[in-house]
2 protein chains.
Amino acid sequence: MRSIEEFRNFFLKGYLDYRPNLVVDCAIFGYDCEHLLVLLVKDKIVTKWCLPGGYIRKEENLEQAAARVTNERTGIDNLFLKQFKTFGDVGRNCNKGSWDESKLEELAGIKVDGDNWLNGETASVGFYAVTDILNAQPSIDFLSSECRWFPVNEVPLLGFDHDDMLKEALRAMRMHLYHYPIGKALLQQKFTLKDIKQLYETLSGKKLNPTNFPVKLQSLGLLTKLSEKKSIGGHRSPTYYKFDNEAYEKALNEGLVLV
Amino acid sequence: MRSIEEFRNFFLKGYLDYRPNLVVDCAIFGYDCEHLLVLLVKDKIVTKWCLPGGYIRKEENLEQAAARVTNERTGIDNLFLKQFKTFGDVGRNCNKGSWDESKLEELAGIKVDGDNWLNGETASVGFYAVTDILNAQPSIDFLSSECRWFPVNEVPLLGFDHDDMLKEALRAMRMHLYHYPIGKALLQQKFTLKDIKQLYETLSGKKLNPTNFPVKLQSLGLLTKLSEKKSIGGHRSPTYYKFDNEAYEKALNEGLVLV
């Protein structure tokens, strides 16, 4: 929402452009080599921090809606977005009693009555993505006052059922580490086995057997060893690797078992 | 739907009892020691076989709706139902052009007009479950003409986007084999390591290293060795095992990594 007009139009006539009863919410994880972060938004009419999300335009499928929402929040295209769970508890409704109606009136002079299209029971399809925080530019719009990264272990109490969503997103992402390759958007073009171990440790949130993931990725043909070594000034210069693009894309589509 | 009255009422006034725009569909996998099967339904007004599914009652959450639908189809309570993906492509709509309207009129004298509550874009939340086929009693209702098991590799072309759903359900179930214990409802109370290997091979659809899953389950404390051995008449009687209930339930809730 860029302006008060767009905002008013969405509340009063959004049913012309958007599907009712269904939204997408996105846990966008950020990686900065050492920490795992998550992008949170503070809306002007919601009292708590939330995962970014929004309604689905009538011409979009769920994946396209999630891509648009994350693009609006981070400026990144082509995020590897993964659906992880849909949340549909009775009364989770984003649009009833979960926001401060007085702020809505104050901000845009709107009173949402019982017949409003936003008032129905609304399920949310959860997506997650992982990005290098350097590629992202968190941004706010008319409706939001803040948008920024939080370390995943220092997240405040979230609005609606987003605490549960974030927990489930983390759980799914950590399960998927064993079944989808990751790293092409998070590592430099060439990297050492130590870099990849660091990546998996940060994402999984635990210390790993030093050879586990790198060795498995190599044995499945996803890593190509380069002749170049990283110059670290010492006597043991680590070798650089890169991803084999074809094997990487294939594994991304078909899945694999890193065990 | 048990009667023509219930059926007519659902079509014409279902919006009073059910949420619009969202359904659940369930891939119910059946295990008979040697084969992996899936339960399909033939509706009288749909021209192809489908996964069983239905609308969500207003007082239900998604999991409860899936449990009700599978219970109506199989008679089983307490299935381990897992959400795997939500399907929301534009036009996938279960309720427009995907069924034979002349049969609807023939069957119940109903013409569904453009304003009908079933006509909106409808997303489907996919669940899967795995059950011993001996525990299930496939059953039909007023709306369906057949309901039976098909081997997963002999499934006919399905209606709507259910081919894709079934593929994704299989993929998710096979990924989950590495992260959730399975077997309590599929094996006898006591079983041999060979039984558990057979279970994992049938479910995963591939030959496995004979010690892989059984050894990992043991090392994580999920299996308890019994003193009793299976009498097979030969000189090498295999030992019986059982699941450790507490460890099993904990792993079911928290997940694990069988690698």
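In this convention, every chain numbers its residues from 1, walking through the sequence in written order. Think of it this way: whatever chain is written first is A, whatever ligand is written first is 1, and the rest follow in order. Predicted model: local features are reported for residues with pLDDT of at least 70 only, side-chain atom pairs are reported and counted for 80 or more only, and whole-chain, interface and lining totals are derived from all residues. To get the side-chain values, take all heavy atoms of the structure and skip hydrogens and water.

**Details of the interface of chain B and chain A**
So the rule is basically this: Residue contacts are defined here by distance: any two heavy atoms, one from each residue, within 4.5 Å place the two residues in contact. Put simply, buried area is the surface a 1.4 Å probe can reach on two separate parts but cannot reach once they are joined, added for both. Here, a salt bridge means any side-chain nitrogen of Lys or Arg that lies within 4 Å of a carboxyl oxygen of Asp or Glu. Side-chain atoms alone can form a polar contact between residues adjacent in sequence; in general such a contact is a pair of N or O atoms within 3.5 Å, and within protein one must be able to donate a hydrogen while the other accepts it. Numbered from the N terminus, helices here are DSSP runs of H or I no shorter than four residues, and strands are runs of E no shorter than two.
The interface of chain B with chain A comprises 32 residues on the first partner and 32 residues on the second. In this assembly, chain B packs against chain A so that about 2,300 Å² is buried in total across both faces, 57% of it on carbon and sulfur atoms. Among the residues chain B hides against chain A, the three largest losses belong to Arg19(B), Arg171(B) and Met175(B). Together they make up 20% of the total. Across the chain B-chain A interface, the total number found is zero salt bridges. Seen at the junction of chain B and chain A, the total is nine residue pairs in polar contact (both at pLDDT 80 or more). For the side of chain B that touches chain A, the secondary-structure elements that each account for two or more residues are β1 (18–31), α2 (62–74), β5 (82–87), β6 (123–132), α4 (162–176) and α7 (245–254) of chain B.

**Things to note about the confidence of the model for chain A**
Residue and element names in this part refer to chain A. What counts is decided by this rule: The quantity called pLDDT is the predictor's confidence in a given residue, expressed from 0 to 100.
Looking at chain A as a whole, the pLDDT averages 90, with 96% of positions reaching at least 70. The secondary structure element of chain A with the lowest average pLDDT is helix α3 (residues 101–108), at 83, and the one with the highest is strand β5 (residues 82–87), at 97. Here the complex is predicted with pTM 0.93, and the ipTM for its interfaces comes to 0.92.

**Re the environment of Gly255(B)**
Relative to the helices and strands, Gly255(B) is located in the segment after α7. Once the C-alpha coordinates of Gly255(B) and His179(B) are considered, the two residues, 76 residues apart in sequence, prove to be 5.3 Å apart. Excluding its chain neighbours within four sequence positions, the residues that come into contact with Gly255(B) are Arg171(A), His179(B), Tyr180(B) and Lys250(B).

**Side note on the pairing of β6(B)**
Residue and element names in this part refer to chain B. The criterion, for reference: Residue exposure (1.4 Å probe, protein chains only): buried if accessible area is under 20% of the type maximum, exposed if over 50%, otherwise partly exposed. The rule for pairing is simple: two strands pair if DSSP sees at least two bridges between them.
Of all 10 residues making up β6, 10 are buried, and the element is well covered by its neighbours. Side-chain alternation along β6 places Ala123, Val125, Phe127, Ala129 and Thr131 on one buried face and Ser124, Gly126, Tyr128, Val130 and Asp132 on a second face that is also buried. As paired strands, β1 and β6 are joined by 10 bridges and run parallel to one another. Within β6, the residue paired with Asp25 across the bridge is Gly126. Bridge count for β5 against β6 is five bridges, and the pairing is antiparallel. Each residue of the ladder has a partner; that of Lys85, found in β6, is Gly126.

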